[in-house]
Amino acid sequence: MPTKFATQSQIRQYSVSNAVASARIEGIAPTKQLEQNLTDYVAGKKTIAQLIEETKQRYVTLRCG
């Protein structure tokens, strides 16, 4: 029987699902922006580094704007 390996997208989806579940257990609901960012991450359109940088930029804009 051949061994089945998970794809990068499946690994990302598993990680995202666990993170979101943990947040929800703590009473933290993801925003629409976060949901879109995580969808882009799972699809391989964005990296975690890009998401962090975008989040920092939004924070700076909100804080200074």
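Draft legend 1. Molecular detail of the packing of aromatic side chains. Scanning the model with the defined rule gives zero aromatic pairs in all. In this arrangement the basic side chain of arginine 12 is found over the ring face of tyrosine 41, its NZ or CZ atom lying 5.6 Å from the centre.

Draft legend 2. Representation of the packing of helix α1 (residues 8–25) against helix α2 (residues 32–42) in the model. The geometry of α1 relative to α2 is characterised by a closest axis approach of 9 Å and an angle of 155° between their N-to-C directions. Compared by their axis directions, α1 and α2 come out roughly antiparallel. Contacts between α1 and α2 involve Ser9, Arg12, Gln13, Val16, Val20 and Arg24 on the former and, on the latter, Glu35, Leu38, Tyr41 and Val42. For the contact of α1 with α2, the residue count by class is five nonpolar, two polar and three charged.

Draft legend 3. Up close: the confidence of the model for the protein. Of the residues in the protein, 98% reach a pLDDT of 70 or more, and the chain-wide mean stands at 92. Across the protein, the element-wise mean pLDDT spans from 88 in helix α3 (residues 48–64) up to 96 in α1.

Draft legend 4. Region of the structure containing the side chain of asparagine 37. By the element assignment, asparagine 37 lies in helix α2. Once residues within four sequence positions are removed from consideration, asparagine 37 is found in contact with Lys46, Leu51, Glu54 and Arg58.

Draft legend 5. Looking closely at the pattern of salt bridges. According to the stated counting rule, one finds three salt bridges in the structure shown. Among the salt bridges present, the one from glutamate 35 reaches lysine 32, with a minimum N-O distance of 3.9 Å. Of this pair, glutamate 35 and lysine 32 both sit in helix α2, separated by three residues, roughly a single helical turn. Here lysine 46 makes a salt bridge to aspartate 40, at a shortest N to O gap of 3.8 Å. Linked by salt bridges that have partners in common, Asp40, Lys46 and Glu54 make up one network.

Draft legend 6. Spatial organisation of the nonpolar core. Residues Val16, Val20, Leu38, Tyr41, Val42 and Leu51 constitute the largest nonpolar core, which totals six residues. For this core, the secondary structure elements donating two or more residues are α1 and α2. Here this core gets three residues from one element, more than from any other, and that element is α2. If we skip the residues at most four places from it in the chain, tyrosine 41 touches Arg12, Val16, Lys46, Thr47, Ile48 and Leu51.

Definitions and limits used
- Residues numbered from 1 in each chain as written.
- Predicted model: local features only at pLDDT ≥ 70, side-chain atom pairs only at ≥ 80, totals over all residues.
- Heavy atoms only, no water.
- Phe/Tyr/Trp six-rings, centres within 6.5 Å; stacked < 30°, edge-to-face > 60°.
- Lys NZ or Arg CZ within 6 Å of the ring centre and 35° of its normal.
- Axes fitted to C-alpha atoms, helices over the stretch in contact; angles between N-to-C directions.
- Helix = DSSP H or I, 4+ residues; strand = E, 2+ residues; numbered from the N terminus.
- Parallel < 35°, antiparallel > 145°, perpendicular 65-115°, else oblique.
- Contact = heavy atoms within 4.5 Å.
- Nonpolar A, V, L, I, M, F, W, Y, C, P; charged D, E, K, R; others polar.
- pLDDT = per-residue confidence, 0-100.
- Salt bridge = Lys/Arg side-chain N within 4 Å of Asp/Glu carboxyl O.
- Core = buried A, V, L, I, M, F, W, Y, C linked by side-chain atoms within 4.5 Å.
- Buried < 20%, exposed > 50% of the residue type's maximum accessible area, 1.4 Å probe, protein only.

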